[in-house]
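# Descriptive structure summary
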Amino acid sequence: GLERRYQAIAHRLAQLKSPYFLDFEFQPQGIRVDGAAYPIVKMAWAQGVTLGEFLEDNHGKKGALASLPGSLLALSKFLEAERVAHGDIQTGNMMVSGTSGAIQLIDYDGMFVEGIRDLGSSELGHINFQHPDRKSKNPFGPTMDRFSLIALWLALKALDEDPALWGKTNSEMDAIVFRASDFIDPSSSAVFSELMRKPALATHAQNFAAVCRAPTEKTPSLEDFLAGKNIPAGAIQISVKPLEGRPKPGYLGV
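The residue numbering used here restarts from 1 in each chain and proceeds along that chain's sequence as written. Confidence filtering applies because this is a predicted model: local features only for residues at pLDDT of at least 70, side-chain atom pairs given and counted only at 80 or more, and all residues used for totals across whole chains, interfaces and linings. The side-chain figures draw on all heavy atoms in the structure; neither hydrogens nor water molecules are used.

Turning to the sheet that holds strand β5 (residues 102–105), a few remarks are in order. Strands qualify as paired when DSSP identifies two bridges or more between them. Numbering of helices and strands runs from the N terminus; a helix is a DSSP stretch of H or I covering at least four residues, while a strand is a stretch of E covering at least two. If you trace the three strands from one edge of the open sheet to the other, you get β3-β4-β5, paired in antiparallel fashion. The strands lining the two open edges of the sheet, one partner per strand, are β3 (49–50) and β5. As defined by bridge partners, β3 adjoins strand β4 (residues 94–97) across two bridges and the pair is classed as antiparallel. Following the sheet pairing, Val49 is matched in β4 by Val96.

The next point concerns the environment of Phe147. Assignment of secondary structure puts Phe147 in helix α5 (residues 146–161). Put simply, Phe147 and Glu25 are 122 residues apart on the chain and 28 Å apart in space, counted from C-alpha to C-alpha. Setting aside chain neighbours within four positions, we find Phe147 in contact with Phe129, Gln130, His131, Pro132, Phe183, Phe208, Val211, Cys212 and Thr219. Here, residues are in contact when the closest pair of their heavy atoms is within 4.5 Å.

All right, on to helix α9 (residues 202–213) then. Here, expected helix span is obtained from the residue count minus one, scaled by 1.5 Å. Taking 1.5 Å of rise per residue, the 12 residues of α9 would be expected to cover 16 Å, and the 17 Å separating its terminal C-alpha atoms lies within 8% of that figure. Whether a residue is buried, partly exposed or exposed follows from its accessible area with a 1.4 Å probe, protein chains only, as a fraction of its type maximum: under 20%, in between, or over 50%, in that order. Within α9, nine of the 12 residues are buried, which leaves the element mostly enclosed by the surrounding structure. Residues of α9 that are buried sit in contact with α5, α7 (180–184), α8 (190–196) and α10 (222–227).

It helps to recall that an α-helix has 3.6 residues per turn; residues three or four apart then point in one direction. In this model, α5 (16 residues) spans 22 Å end to end at C-alpha, consistent with the 22 Å of a helix rising 1.5 Å per residue. With 13 of 16 residues buried, α5 is to be regarded as a mostly interior element.

Further remarks concern the nonpolar core. Residue types Ala, Val, Leu, Ile, Met, Phe, Trp, Tyr and Cys, when buried and joined through side-chain atoms within 4.5 Å, form a set referred to as a nonpolar core. Residues Phe21, Phe178 and Phe208 are the most contacted members of the largest nonpolar core, which totals 71 residues. If you tally residues by element for this core, the top one is α5, at 11 residues. Apart from residues no more than four positions distant in its own chain, Phe178 is found in contact with Asn128, Ala151, Leu154, Ala155, Phe183, Val191, Phe192, Leu195 and Phe208.

The next thing to look at is the packing of aromatic side chains. What characterises a pair of aromatic rings is the spacing of the ring centres plus the angle enclosed by the ring planes. Working definition: rings of Phe, Tyr and Trp (its six-membered ring) pair if their centres are within 6.5 Å, and the pair is stacked with planes under 30 degrees apart, edge-to-face with planes over 60 apart, and tilted otherwise. Summed over all chains, the structure comprises 13 aromatic pairs. Taken together, Tyr6, Phe21, Phe24, Phe26 and Tyr108 form an aromatic cluster joined through their ring pairs.

To characterise two packed helices, one gives the angle between the axes of the helices and the distance between these axes. Where helix α3 (residues 68–82) meets α5, the closest approach of the two axes is 9 Å, and the angle between their N-to-C directions is 165°. On the basis of the axis angle, α3 is roughly antiparallel to α5. Here α3 runs over α5; the crossing is left-handed. Residues Leu68, Pro69, Leu72, Leu75, Ser76, Leu79 and Glu80 of α3 lie in contact with α5, whose contacting residues are Arg146, Leu149, Leu152, Trp153, Leu156 and Lys157. For the contact of α3 with α5, the residue count by class is nine nonpolar, one polar and three charged. Only C-alpha atoms enter the line fits that serve as axes; for helices the fit covers just the stretch in contact. Angles between N-to-C directions range over 0 to 180 degrees. For classification purposes, angles smaller than 35 degrees are called roughly parallel, those larger than 145 roughly antiparallel, those between 65 and 115 roughly perpendicular, and all remaining angles oblique. Crossing handedness is read from the near helix: turned anticlockwise from the far helix by less than a right angle, it gives a left-handed crossing, and turned clockwise, a right-handed one. Note on residue classes: Ala, Val, Leu, Ile, Met, Phe, Trp, Tyr, Cys and Pro are nonpolar, Asp, Glu, Lys and Arg are charged, and everything else, Gly too, is polar.

See below:
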């Protein structure tokens, strides 16, 4: 189903004509090797640097990240409206160009478009940006980017609020504020406790903890999350100090 997958993705992206996506073309007979034709994908070159590279260079500069949360919200609204999903929203698959916070998505191998729903998901996404259920349930549909967008939005908002969080949370290019272990048990997470100490972030941190603990299909859109709508029910105890006496999830390798 690989050729069908790429053909459907290329067709849908051509319909969208969106600045969020690069020109992407599937060519069934794009290259010849030893006289035989093979398929290729032809893709425009992305300008700028990855979001991970941008954050490593700019996380300590006042105001440098201010526009990025808004850019993520705009991207989320677009994906929701068009009913497409990238499948692996993370710092290595987003390009940032200029000072405006304009972002583009790259790496379309795991995209969902309606024409290939029956093929299922081809990848699990980066673990530090995915719901704990992603590996076991591996959903494939238009809402599968919701958790990643919320996690990344909250991480960027937190770093803009307090750049010192980069060091406090041992952030790096592919682990921005949060790691997979924080999602598994927010109550014992030092990161969630750190966010609870900040009035501008506490409500979002509490709601995100509820999202982490609920089934992945209960994850709201980023727009609803920011409005406090459709937050999964159930009390999750998050305080300014991690709960003690609970087994730690431990390190989870990428």
